[in-house]
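Read off the chains here:
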Amino acid sequence: MLVRVIARRVVISVTLLVIIPALTFVIEALTPGNAADFLLGVSATPEQRAALNHQLGLDQPLWVRYLTWMGRFLHGDLGNSLFTGEPVSQGLASWLPVSLSLLIGATLVTVVVGVAIGAASAQHTGGIGRLIDSLSVLGIAVPNFWLAVVLVEVFAVTFRILPATGYVQPQDSLIEWGLSLVLPVVALAFAGVTAVAKQTRDQMKDVLDRDFIRNLRANGVHERSVIYRHALRNASIPIVTVIGQLFVGALAGSVVVENIFVLPGLGSAAVQAATSHDYPVIQGISVYFTLIVIAVNVIVDIAYGWLNPQVRSL
Amino acid sequence: MCFRSLARLSTLSALAAVVVLTLSACGGSTAPSSGKAVPGDTLTIASSTPPISLNPALNGNGVPLMWFAALAYEPLIVRNPDNTTSPGLATSWKYSDGNKTFTLELRPGVKFSDGSDLTAEAVVKFIQYYQKSGTFAFNLASLASVTATGPLEVTFHLSSPDPLYPYYLDEEGAVGNIPSEAATENPAEMATATFGAGPYMLDTAATVPNSSYVYTANPTFFDRAHVHWKKIIIKIIADDNAALAALRSGQIQAALGDATDADAAKAAGLNVTSEVGGMTGVVIADRDGKIVPALKDLRVRQALNYAIDRVGLTRAVYRSYGSPTMQYKPAGTDGYVAAMDSAYPYNVTKAKQLLAEAGYPNGFTIQLIVQPGVPGGTLLAQAMSQEWEQIGVHAPLTAPATFSDYVAKVLGGGYGVTTYVYDYQPFIWELNELFSPTGVYNFLGAKTPALDALRAQINSSDLGSPAANALEQQAMTYAVQNALSVPVSAANFIVFSAKNIGGVAFTPSFPIPDPTQWYLTA
Amino acid sequence: MSNMLETLDSVADPSGSSPTQLPERRSHTSVLRRLLTHPVGLPALVFLVLVILAVIAAPALAPYKPQAVDFSAVLTTPTGKHLLGTDQLGRDVLSRLLYGGQISLEGVAETVLVALGLGFVLGIISGYLGGGVDAVLSRLIEVVMAVPAIVILLMVFSVFNNNEHLAMLTLGVLSAPTIFRVTRGGALTIRHQSYIASAQITGVRSFTIMVRHVVPRIYGPLIVNTSILAGLTLGIQGGLNFIGLGVTPPAPSWGGMVAEAQQSLQEQPWLIVPSGVTTGLVILAFVLLGDALRDVTGERGRGSRVSVGLRAQPEPTIGDYPRSITEPTGIAQAEPLLSVRDLCVAFGSSARLRVVQDVGFDVLPGEAVGIVGESGCGKSVTAWSILGLLASGGQVTSGTALFDGVDIFALSLRERARLRGKQIGFVSQEPMTSLDPCFTVGDQLSELVRTHEKLPRAATRERVIELLTQVGLPDPSDVAKRYPHQISGGMAQRVSIAAALAGRPKLLVADEPTTALDVTVQAEILELLRTLQRERGMAILIITHDLGVVADLCSRAVVMYAGEVVEIGPVQDLVHAPLHPYTKALLASNPAFGKYGEPLPAITGTVPAPAQWPIGCHFADRCAYCIDACTTQPIPLLIPAGQRLARCIRTADLLEGANV
């Protein structure tokens, strides 16, 4: 069964990798005017424009361009940025670690803190429980961009304990790298933590209502083990799928957060490319985003299969 | 609000790149540190934008873009803050033949950072390359040919008189930032590394593109005394608040500042250096009324001038770091006419009256396009648009996100009015750009015959001389009285710097803060 | 989120039936009414309606035009003229919020409508047509779900030059999958219903049938998801507007206003509050509304909820139990292992609802005692209260339970917990849900063994095998490797018993251990229990509704009815000469005594619910022997004969076989 799950995921992933770039091509083709216009300006002569079109390969039919691109992509060549001339893959290689630092950091914080809070509070129906319920809603409601601005104002500008913007590479200074990620991760993870805490709490409450929990207690198993070994293990199965969704949500949020904190990752590069119509870069980033999402989904599927013995053992 | 930087330029744009200004105040600057210079270790400064390209021919100009080129590439002609010039890679230069021939002598014994020599050939090759591919190649429109007339002598032959070459070839004009001949022949390399003869060189290993650019001292720079630092790092910090926070925490030592942050910067113990950087306002390209016939009428254009509360608007958009203006150059610079400062006092009634007289009692509609890079940005445009609403002139805004979008739209011919920043250069530069039938910002080709004669005279004159200045003042009077455009504010540049950084100085005649001049004080 | 009504968790059904599969279908009007009385949903709904109305009426409500500048009042905090302050051009923040809301909420509406429309239509088509179309559509939707929406949005923005409408529509398409799934689920269920088939026969167009039947079924989750989607969309849109995509100046938008505020943050920190808080509150309202809708449309069916009236219940009697109620065996009278007296258990806040009253019985060491009664009589609650595992809301309000001489109820929670497993073991009814599905049998047993005895690993393994052998499993090491879902019901029940034995308890409490098993397995399990009792001298307290089981296994029986003990005595005596009319009726209604061709014998009437317990005998209205005296006052436990007890004043008549 696990094999089936993975096989299915592979099929979807391959489909995505084919479709998303194709989609970018189609959308690009719908633009009035094309890249050559933007590069040369309308005052260019027809000869100049034809030459540039030919040079950029823009005079081919769409499907030919797509296939050419696909062929190059499979060799690792994603073309060059229309504006800097740099190879897109080079840019992607420098943006990816930044985004991954942010995304993985945010997801880790979300999961660890959220699950801990949710599990610990599962027993309490009184004040703590209601607090968590309220906070979880707050987490969704507070817009992450607004939170980011407030965080910067409070921690970086007023109290000056954390850097306001910028990214330090881990190879330069591990500590600075960590510090530069604290505020962005908080801004990104805030909504997630509260959602995961609530989900965990809800799932735990469900699980704690179940027969086998009662039996474990009845036969003398320590309460700590009941909650953190048995209940949490059972509750984590649906939570794992939530984590997958969270990551994808974080991806969307990272675009805004990277912009605010000036982290040179895929998100800020994407916005730059979008506003300057730099299509090769947009295409490259779309593919990378898709790859990240695919990887996360595979990991989630595997984790789900591993956690759930009914899937694992068949 | 403050628009920090120029968006990406298209490589062969037909319009001039705009000098990037940020806001600063006339009456609020603290004296820059002028202690004795001592050798410094690392200077870290912030730029709101990464360079368009490290290739000096493809980068933009203005601050902070020019910093990326200025650190590594010594220009032919060095312009000082007070608008005097000093020898750079060229030791002397002169015009002849009625401003149709420009000759310069090069400094002997200069080596580029890749070890090759500075020769006339290297200069010629670069100028030719610039003519083909450079961002501001249109500045060289009058260049018929450039030749090496000696091993260290370069001669420019112009097809029509152009007195502005000492400006094109200075550190800000961008044409004069000469790379080695080998680099000019392989321009792709210049996108990621530097090959100049300037005080610093790019450390490609330590540089993270779009994040931080590291420059180390160039051991072969011909003027070692002026290399004040072992290392200069330019960090990219796009957000004003973030830059200020970085300044406060000591992460960086200098950055261009924003008017709204100036008080906070002072409170934090930073130096605030502020001078008039340029005039902002709106340029009426449609003076011939091709799109909006009303604009042909002098009374209409004057009404547009009367309808703006320059005092209130300046205060709102530029805070105390700007002053109202009605003309195209600030006080103390060439072309400025004191009398013109009272040409259009704020008077809504009069504006409405003029409109009615011209036959537009109910106003009309104009398409106002916002140029990226103009200080005040969309705030300026929104404010002016709202002022004109009061007299019935409806001015919806179009704000393209990038400069290339702006170019495409403007050349498409649908816009007659654009926000604009009037440069610091000699007034003739503006006159050509705005009022020559082929001027880059005269995108609807409006004709102003009265100015043509004046311009021709100035083009052939000895720029900077009293005679030339008188001519420019005549031109200024004409331009203002005929309401050819709507200048609104003299906006300031502001630089925030740490107290121990000296040499942060600039003037309205050359408001270009240049980090190569900054040093550590004892 | 608390309910206004008093609720009772599903202890009324102690056999632990799982909640209903499909959410109950409630009428539309009652949903609305319930929403309007929901403590959180109502304010959220009202707030949203007010905001939407305000935003629509912006031209009328806004004190200024959104672009109107005022250079004399730039970046002010709230004043009389400008209730929320002004921005950098002196524009009124309140007016800009109202007009900006038009753009922001319009975008949300676009997204939601597209998602709803597209998802619903495709879901219906997929569910209705089934087969190949469904397969294709479902895969397609799966792919769409996997697409990172932000990528597509950025591309749309870049190509179509900040066209906000197009971006919102795209977001709608990308959000359709959730709606699709909900609709498809409903449609598929309907498709298989027989009344569709019959309606088809009558010629009514199937598609319309589908829509008409699907909508009431799914509108609950549909509106919940819509509300949440609206909230999420507003957040996404705000973020995009914040970085400058979608809505360009001078048009105000909430996200854009936050960006403008950020620019002037140093000079006027107040400015960041109105835009950020407004956005946050509206998102919050949408999400809270969604939560409330989930509550009122019964989406959350976690156990049946029964609302209870607040009528006073009659006070319990103080029973008068003899010190020992066991039958003389000739052996010196042993001290009971477990001795329960005057047990009362109540539920609800301030323990308002008593479900067990005045219960008492003894269990001698090594003895098997059965508590018998029908569903709802309180037998399971009694067992759980002894174990200390009452469901939340339940508490023991009075009584004692002496175990080995120590009152369990007086112990601290920790001391009680130490009893479990070590002194008292527990086996539950449903073998398939009684074990943790995530761990192997061996793992779970090992943990139990190690909890009670500190053994090294090898010894633990041996003990686990020993336990599995003890319960009669033929291949213990193989079973130990398996997961609970890989063994049969009978095996699982044996494993449960092994788990209960791990701590070598003196008493085994078994709650309906054979009810969920088929007959042959039942017999095996009972045999096993008997063996264990004999070989290990373990006492067994078995809860059951099946008199046959009691007769098979137990020496004594405790009969319960409607929360009370009605009869206690040796099994044989009880079966042949019941002392309480209920016991007699129970015996008579055994289907085994049914005669062919005649209706099955049953007791007429129904068991009274705890809230409806009469003052007198609880069985009175169904009793053939009932007289006035039975109903006017509480009936105590009487000792009519030997060591037997009965809560009845007519036992004499019963024994004589007389009828009223």
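Worth saying up front: this structure is predicted, and the values here are computed from it rather than measured.

**A few points about the overall build of chain C**
Here comes step 1: When helices and strands are counted, chain C shows 23 helices and 14 strands.
Here comes step 2: Going through the 660 residues of chain C one by one, you find that 48% of them count as buried.
Here comes step 3: Taking the contacts inside chain C whose residues are at least 6 apart along the sequence as the reference set, 69% of them involve residues at least 24 apart.

**Here we look at the overall build of chain A**
Here comes step 1: Secondary structure summary: chain A contains 13 helices and zero strands in total.
Here comes step 2: When the helices and strands of chain A are read in sequence order from the N terminus, they spell out α-α-α-α-α-α-α-α-α-α-α-α-α.
Here comes step 3: Counting all 314 residues of chain A, 50% fall into the buried class.
Here comes step 4: Considering only residue pairs separated by 6 or more positions, chain A has 73% of its internal contacts joining residues 24 or more positions apart.

**Description of the pairing of strand S10 (residues 212–217) of chain B**
Residue and element names in this part refer to chain B.
Here comes step 1: Examined bridge by bridge, strand S9 (residues 200–202) and S10 share three bridges and lie antiparallel to one another. Across the sheet, the residue bridging to Met201 is Thr216, located in S10.
Here comes step 2: As paired strands, S10 and strand S11 (residues 229–236) are joined by five bridges and run antiparallel to one another. For Val214, the partnering residue across the bridge sits in S11 and is Ile233.

**Things to note about the domain arrangement of chain C**
Here comes step 1: Annotation of chain C at the domain level lists domain 1 (2–296) and domain 2 (338–423 + 505–656).
Here comes step 2: The C-alpha centroid of domain 2 of chain C is placed 54 Å from the C-alpha centroid of domain 1 of chain C.

**Things to note about the sheet that holds strand S1 (residues 37–38) of chain B**
Residues and elements named next belong to chain B.
Here comes step 1: One open sheet accounts for three strands, arranged S1-S22-S21; its pairing is antiparallel. In this open sheet, the two edge strands, each paired with only one partner strand, are S1 and strand S21 (501–502).
Here comes step 2: Looking at chain direction, S1 and strand S22 (residues 519–521) are connected through two bridges and run antiparallel. Across the sheet, Val38 pairs through a bridge with Leu520, a residue of S22.

**Concerning the pairing of strand S20 (residues 485–497) of chain B**
Residues and elements named next belong to chain B.
Here comes step 1: The buried fraction of S20 is high, at 13 of 13 residues.
Here comes step 2: Sheet topology note: the strand S14 (residues 322–324)/S20 ladder contains three bridges and is antiparallel. Opposite Pro324, over in S20, you have Ser489 as the bridge partner.

**Some details on the interface of chain C and chain A**
Here comes step 1: Contacts between the two partners involve 64 residues from chain C and, on the opposite side, 61 residues from chain A.
Here comes step 2: Only helix H5 (131–146), helix H6 (149–159), helix H9 (206–242), helix H10 (254–263), helix H11 (272–296), strand S8 (424–427), helix H14 (441–452) and helix H17 (489–501) of chain C provide two or more residues apiece to the side of chain C that touches chain A.
Here comes step 3: In terms of residues, the side of chain C that touches chain A owes the most to one element, H6 of chain C, which gives ten residues.
Here comes step 4: Considering only residue class, the side of chain C that touches chain A consists of 36 nonpolar, 22 polar and six charged.

Procedures and definitions
- Residues numbered from 1 in each chain as written.
- Chains lettered and ligands numbered in written order.
- Predicted model: local features only at pLDDT ≥ 70, side-chain atom pairs only at ≥ 80, totals over all residues.
- Helix = DSSP H or I, 4+ residues; strand = E, 2+ residues; numbered from the N terminus.
- Buried ≥ 20, exposed ≤ 12 C-beta atoms within 10 Å, placed from the backbone.
- Contact = placed C-beta atoms within 7 Å.
- Pairing = 2+ DSSP bridges.
- Domains from an automatic or database assignment.
- Nonpolar A, V, L, I, M, F, W, Y, C, P; charged D, E, K, R; others polar.

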